[in-house]
Amino acid sequence: MGDEGLSAGAAARRLGVAVTTLRTWHQRYGLGPSVHEPGHHRRYTVEDMVRLQVMQRLTAQGVAPAEAAAWACRSPAVLPSADSPAVPSSVGDPVSMDGPAGGGQTIALGGRADPAARGLARAAMRLDGPAMRHILESTVTGRGVTFAWERVMMPVLIGIGERYEATERFVEVEHLLSRSITEALSIVPRPSRELTPRVLLAAADEEQHTLPLEALAAALAEGGVPSRLLGARVPPRALLDAVDRTGPTVVVLWSQVPATGDVIQLDRLLALPRPPLVIGAAGPGWPAASLPPPVTRLTGLTGAVHVVKAACA
């Protein structure tokens, strides 16, 4: 990026988002371009782009936009490099890894990070599966799914994602942590088999990320609401067949990246003879400005649980 900065269009292309998204982040949360010359449009500096990247990463992990923006505004304005020993964090100080596998490696967590998140980060970098499962299961059973997801699981997932972006390493850490999270969420008791699930959860076509849907299914189960989770990469035809056979009240479709957020999938659901009462577009992959009006935009686990439970009440 040159010293003159980037235009809104160039910044949007670099991030892979719509220009309207940048405008929304600017107007609502103050994450706008900082360079302004009289008679010219404002331009995004390196520091502006770092904050936008933090905003993008956090919302991709399900953090509510307002909270993600607050973290982004506190982000150190330093771009990570491939040989950085630690990744600049959107949320504060790094956690040093203890034990023989540490070697000075860090996962950046916030100064307000919960102790369970810090312990999970250490266990993750040691590839200590039993320790991770103990921390995760204790948090889920003791403090609930929503707290565990938002305050423990997501901060560590975000931190590991930042480490990967800086070094292109630690894929094995992310994989083991993701598996441990899946196992921990699965221990939440499911509602009685006598209750017919009225909620259908699925990843968009070619979308491989399912952890947020697993967290939503567990949080709903915790509240006594059963659901069906179809998993990753659900083809549109298969989704329509499932809706036709089960007649759900709510369908939540998750898209993590713009490549999988094709609104035609939502249009097809709306065109069914008996469409679901609520169709929820969850995840940062959906183009917010292009969503069909009847579709409900879901941001964050707490809000999604509220919407789904209200529809099923």
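Residues numbered from 1 in each chain as written. Predicted model: local features only at pLDDT ≥ 70, side-chain atom pairs only at ≥ 80, totals over all residues. Heavy atoms only, no water.

Looking at an unreviewed UniProt entry, the protein chain carries the name Transcriptional regulator, with the source organism given as Actinoplanes campanulatus.

Trainee: Account for the overall build of the protein chain, with residues named and values stated.
Mentor: Within the protein chain one finds twelve helices and seven strands. Counting all 313 residues of the protein chain, 49% fall into the buried class. Intrachain contacts of the protein chain at a sequence separation of at least 6 include 66% that bridge at least 24 residues. Looking at the protein chain as shown, the accessible area adds up to about 14800 Å², and 52% of this sits on carbon and sulfur atoms. (Helix = DSSP H or I, 4+ residues; strand = E, 2+ residues; numbered from the N terminus. Buried < 20%, exposed > 50% of the residue type's maximum accessible area, 1.4 Å probe, protein only. Contact = heavy atoms within 4.5 Å. Areas by Shrake-Rupley, 256 points an atom, 1.4 Å probe, with all protein chains shown as cover.)

Trainee: Which residues make up helix H10 (residues 236–246), and what are the values?
Mentor: Owing to its 3.6 residues per turn, the α-helix brings residues three or four apart onto one side. Among all positions of H10, only Pro 236, Leu 239, Leu 240, Ala 242 and Val 243 are buried. For H10, the angular spread of the buried residues around the axis is 160 degrees, confining them to a single face. With respect to the buried face of H10, the exposed residues turned more than 90 degrees away are Arg 237, Asp 244 and Arg 245. Here the buried face of H10 lies against strand E3 (199–203), strand E5 (250–254) and helix H11 (264–270). (Arc of directions from axis to C-beta.)

Trainee: Would you mind going over the packing of helix H6 (residues 129–143) against helix H8 (residues 171–186) in detail, with residue names and values included?
Mentor: Between H6 and H8, whose axes approach to 9 Å, the crossing angle comes to 40 degrees. Relative to H8, H6 is oriented oblique. Here the hand of the crossing between H6 and H8 comes out right-handed. Mapping the contact onto sequence places Gly 129, Met 132, Arg 133, Leu 136, Glu 137 and Val 140 in H6 and Leu 176, Leu 177, Ser 180, Ile 181, Glu 183 and Ala 184 in H8. The residue makeup of the contact of H6 with H8, split by class, is seven nonpolar, two polar and three charged. (Axes fitted to C-alpha atoms, helices over the stretch in contact; angles between N-to-C directions. Parallel < 35°, antiparallel > 145°, perpendicular 65-115°, else oblique. Left-handed = near helix turned anticlockwise from the far one by under 90°. Nonpolar A, V, L, I, M, F, W, Y, C, P; charged D, E, K, R; others polar.)

Trainee: Mind laying out the pairing of strand E6 (residues 278–282), listing which residues take part and the relevant values?
Mentor: For E6, the tally of buried residues reaches five of five residues, placing the bulk of the element in the interior. Because side chains alternate across E6, one face comprises the buried residues Val 278, Gly 280 and Ala 282, and the other comprises Ile 279 and Ala 281, equally buried. With respect to chirality, the unit in which E5 leads through H11 into the neighbouring parallel E6 is right-handed. Judged from the three bridges that link them, E6 and strand E7 (residues 296–298) form a sheet pairing that is parallel. Opposite Ala 282, over in E7, you have Leu 298 as the bridge partner. (Right-handed = clockwise from strand over helix to strand, strands pointing away. Pairing = 2+ DSSP bridges.)

Trainee: Tell me about the nonpolar core, and please be specific about residues and values.
Mentor: Judged by nonpolar contacts, the single largest core of 56 residues is most densely connected at Trp 149, Ile 181 and Val 252. Considering each element in turn, this core owes the most residues, ten residues, to helix H7 (residues 145–167). (Core = buried A, V, L, I, M, F, W, Y, C linked by side-chain atoms within 4.5 Å.)

Trainee: With reference to specific residues and values, describe the sheet that holds strand E4 (residues 228–229).
Mentor: Pairing within the open sheet is parallel, and its five strands lie in the order E4-E3-E5-E6-E7. With one partner strand each, in any of the chains shown, E4 and E7 form the two edges of the open sheet. In this fold H10 packs onto E3, E4 and E5, with an angle of close to 175 degrees to the strand it touches most, E3. Lying on the sheet, helix H12 (residues 301–312) is in contact with E3, E5, E6 and E7; it crosses E5 at an angle near 155 degrees.

Trainee: Describe the pairing of E3, naming the residues involved and giving the relevant values.
Mentor: Counting buried positions along E3 yields five of five residues, so the element is predominantly enclosed. Where burial is concerned, the two faces of E3 agree: the one with Val 199, Leu 201 and Ala 203 and the one with Leu 200 and Ala 202 are both buried. Note that E3 and E5 share five bridges and pair parallel. Each residue of the ladder has a partner; that of Leu 201, found in E5, is Val 252.

Trainee: Can you explain the side chain of Ser 255? Please cite residues and give values.
Mentor: You can see Ser 255 is positioned in the loop between E5 and H11. Assessed through its relative accessible area of 0%, Ser 255 is described here as buried. At 3.1 Å, the side chain of Ser 255 and the backbone oxygen of Val 257 are in polar contact. When residues no more than four places from it in sequence are discounted, the contact partners of Ser 255 are Ala 204, Glu 207, Thr 260, Gly 261, Ala 282, Gly 283, Pro 284, Gly 285 and Trp 286. (Polar contact = N/O pair within 3.5 Å; in protein donor to acceptor, adjacent residues only side chain to side chain.)

Trainee: Give me the lowdown on the confidence of the model for the protein chain, citing residues and values where you can.
Mentor: Counting all residues, the mean pLDDT for the protein chain is 85, and 85% of those residues have values of 70 or more. Here residues 77–104 scores under 50 on pLDDT; set against residues more than four positions off or in separate chains, the count is 72 contacts. (pLDDT = per-residue confidence, 0-100.)

Trainee: Would you mind going over the pattern of salt bridges in detail, with residue names and values included?
Mentor: One pass over the full model with this rule turns up six salt bridges. Taking the shortest distance from any N to any O, the salt bridge between Asp 114 and Arg 143 comes out at 3.2 Å. Of the two residues, Asp 114 is situated in the loop between strand E2 (106–108) and helix H5 (115–125) and Arg 143 in helix H6; the sequence distance between them amounts to 29 residues. For Asp 114, a relative accessible area of 8% translates into the label buried. Through salt bridges that share partners, Arg 133, Arg 179 and Glu 183 make up one connected network. (Salt bridge = Lys/Arg side-chain N within 4 Å of Asp/Glu carboxyl O.)

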